[in-house]
Amino acid sequence: MAQEIMQVSPLPPFMMKALQEADFIVHDHTHIKDPGALSKVTALIGTGSAKVDKKLLTMLPHVKLVAICGVGYDGVDVEACKEKGIVVTHTPGVLTDDVADLAMGLVLSIGRRIPQADKFVRNGDWVDDQFALVHKVSGARIGIVGMGRIGRSIAKRAAAFDMRISYTCREAKTDVPYAFHQTVTQLAAEVDYLVVAVPGGDSTKNMVGASVLKALGNKGYLINIARGSVVDQPVLVQTLKDKEIAGAALDVFWDEPIIDPELRRLPNVVLTPHIASATVETRQAMAALTLSNLQAFYERRALPTPVPECQ
Ligand code: NAP
C-alpha cells in the first residue's frame, strides 16, 4: 500500500521524483488538496529549513517520523516529537566535505578579496588603478567554533594551507592536535579567521555577539557556514560598518532569503545564498539517505541516521 507523507518545505525535483518512484503519496503542507490528508499522513519530510512545531504535530495525529534532508534540524521541536513518540532523522556525513569546501572558499574569498577583485577587473578599474594588497591566508590563524564533522573537515583543509588551528566546542577533544579554548571570545582573541560550524537552536543563539567580535578585532574575519541564528546579525552589521572587524563571509543569515539591505551594501562582506551543501552529488546523496530513512521506517528496520536525541 502506498504510504502518505507530507513535505514541510520545498523539495528538489529529483527528490520528488525518487519519492514518487518509491510509491509514496506526497502531500504539500502549504497546498493541501485532500482535506482528509492530515489524518492519513504518517511521516513528514523536509530540508534543514523545515519548521516542525507542536502546532503542526497536533494537526497530524498519525505522524511517527520526521525525515530531514539536511544535517541541521534546529527548526524541528525534537522534544515535542519525542513526547509524541515521533522519531527524527537527518543526513549527517554526506554533506561534510561540501560544507568544509565552501568554508575554505569563503576564507580565501574574504581574505584575498576575490569577489572584490573580480568586480575591479569587470568595472575596468584595473586600467588606471592597482588592486590593494591584502594579507596572506596561508600560515594565518584560524579558529573553528564546533569541532564536529564539519569543523574537523575544515581543520583538515586549513592544515593544508599551513594555517595555525585552534577551536572551541562543548568538550575538548583528545583526538585532535589543535589548541582548545574554553569560550568563543577567548578563541576569537587568538585568531585571524573565526569560522562558525555549530548547530543552530537555543543553545547557540547569538553565540557570536559583541564581545566575540570585539575580541576578533579590526584585523579579524568572521565566516559563518552554520546557521544565521548563531551570530547576532544587527551587532555584526554595526561592527562591520564601524570597521571593528576586517570583514565577514556569510552563507547563512537571519530571516533568509530576505537579507538586511545594510548588510548587502557593505563592501567588506562576501555573501552566498545558503549553498554550502549545494552540489549535485551531495544533494543526491542527501536525498538518497533521506529516502533510506523513510523506507527503513516503513519496513520496520533500524533507521540509518536518527538524530542524536532519538538514538
Ligand atoms: P556535529 O558533528 O554535530 O558537530 C557540531 C559541533 O558543534 C560539535 O563539536 C559540538 O560540540 C558543537 N556544539 C554544539 N552545540 C554547542 C554549543 N552549545 N556550544 C559550543 N559548541 C557546540 O555537526 P556537523 O555535521 O559538523 O554540522 C554542524 C552544523 O553545520 C549543522 O548543525 C548545521 O546547522 C550546519 N550546516 C550548515 C550547512 C549550510 O548549508 N550552510 C550545511 C550543513 C550543515 P561537542 O563536540 O563538544 O559536542
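Everything here concerns the structure above.
Attention here is on the structure that accompanies the text. (Residues numbered from 1 in each chain as written. Predicted model: local features only at pLDDT ≥ 70, side-chain atom pairs only at ≥ 80, totals over all residues. Heavy atoms only, no water.)

**A short note on the overall build of the protein chain**
So, point 1. Along the backbone of the protein chain there are twelve helices and twelve strands.
So, point 2. Computed over its C-alpha atoms, the radius of gyration of the protein chain comes to 21 Å, within 12% of the 19 Å expected for a compact globule of 311 residues.
So, point 3. Every one of the 311 residues in the protein chain was classed for burial, and the buried ones make up 48%.
So, point 4. The long-range share in the protein chain, meaning contacts at least 24 apart out of those at least 6 apart in sequence, stands at 59%.
So, point 5. Put simply, the protein chain shows about 15700 Å² of open surface, and 54% of that area lies on carbon and sulfur atoms. (Helix = DSSP H or I, 4+ residues; strand = E, 2+ residues; numbered from the N terminus. Rg over C-alpha atoms; globule rule 2.2 N^0.38 Å. Buried < 20%, exposed > 50% of the residue type's maximum accessible area, 1.4 Å probe, protein only. Contact = heavy atoms within 4.5 Å. Areas by Shrake-Rupley, 256 points an atom, 1.4 Å probe, with all protein chains shown as cover.)

**Here we look at the site of the ligand**
So, point 1. Taken together, the neighbourhood of the ligand is formed by 27 residues, with Arg149, Ile150, Arg170, Lys173 and Ile225 sitting nearest.
So, point 2. One of the backbone nitrogen or oxygen atoms of isoleucine 150 is found 2.9 Å away from an oxygen atom of the ligand.
So, point 3. Taking arginine 170, its side chain carries an N or O atom lying 2.8 Å from an oxygen atom of the ligand.
So, point 4. Relative to its unbound accessible area of 930 Å², the ligand is 87% covered by the protein chains. (Near = heavy atom within 4 Å. Polar contact = N/O pair within 3.5 Å; in protein donor to acceptor, adjacent residues only side chain to side chain.)

**Describing the pattern of salt bridges**
So, point 1. Taken as a whole, this structure holds ten salt bridges when the rule is applied.
So, point 2. With a closest N to O distance of 3.3 Å, glutamate 21 and lysine 17 form a salt bridge. Within this pair, glutamate 21 and its partner lysine 17 are both found in helix α1 (residues 13–21), separated by four residues, close to a single helical turn. In terms of burial, glutamate 21 and lysine 17 fall into one category: exposed.
So, point 3. A salt bridge links arginine 157 to aspartate 97; the shortest N-O distance between them is 3.3 Å. Here arginine 157, found in helix α7 (residues 149–160), pairs with aspartate 97, found in helix α5 (residues 96–111); they are 60 residues apart in sequence, far enough to count as distant.
So, point 4. On the basis of relative accessible area, aspartate 97 is assigned to the partly exposed category, the value being 43%.
So, point 5. Through salt bridges with shared partners, a single ionic network connects Asp97, Asp101 and Arg157. (Salt bridge = Lys/Arg side-chain N within 4 Å of Asp/Glu carboxyl O.)

**Topic: the environment of glycine 209**
So, point 1. By the element assignment, glycine 209 lies in the loop between β9 (193–196) and α9 (210–216).
So, point 2. Of the residues examined, glycine 209 reaches a relative accessible area of 10% and is grouped as buried.
So, point 3. Separated by 124 residues in the primary sequence, glycine 209 and glycine 85 place their C-alpha atoms 36 Å from one another.
So, point 4. When residues no more than four places from it in sequence are discounted, the contact partners of glycine 209 are Asp232 and Val235.

**Things to note about the environment of alanine 215**
So, point 1. Residue position: alanine 215 is located in helix α9.
So, point 2. Residue classification places alanine 215 among the partly exposed residues on the basis of a relative accessible area of 22%.
So, point 3. Residues alanine 215 and leucine 187 lie 28 residues apart in sequence; the distance between their C-alpha atoms is 8.4 Å.
So, point 4. With sequence-adjacent residues up to four places away left out, alanine 215 is seen in contact with Thr185, Ala188 and Ala189.

**A look at the sheet that holds strand β6 (residues 141–145)**
Across a sheet, strands are paired by hydrogen bonds formed along the backbone, either parallel or antiparallel in direction.
So, point 1. The sheet built from seven strands is open, its strands ordered β8-β7-β6-β9-β10-β11-β12 with parallel pairing. At either margin of the open sheet sits one strand with a lone partner, and together these are β8 (179–180) and β12 (269–271).
So, point 2. Across four bridges, the pairing between strand β10 (residues 221–224) and strand β11 (residues 247–250) is parallel. Each bridged residue has a counterpart across the sheet, and for leucine 222 the counterpart in β11 is alanine 248.
So, point 3. Sitting on the sheet, helix α10 (residues 233–241) is in contact with β10, β11 and β12, with an inclination near 140° to β11. (Pairing = 2+ DSSP bridges. Axes fitted to C-alpha atoms, helices over the stretch in contact; angles between N-to-C directions.)

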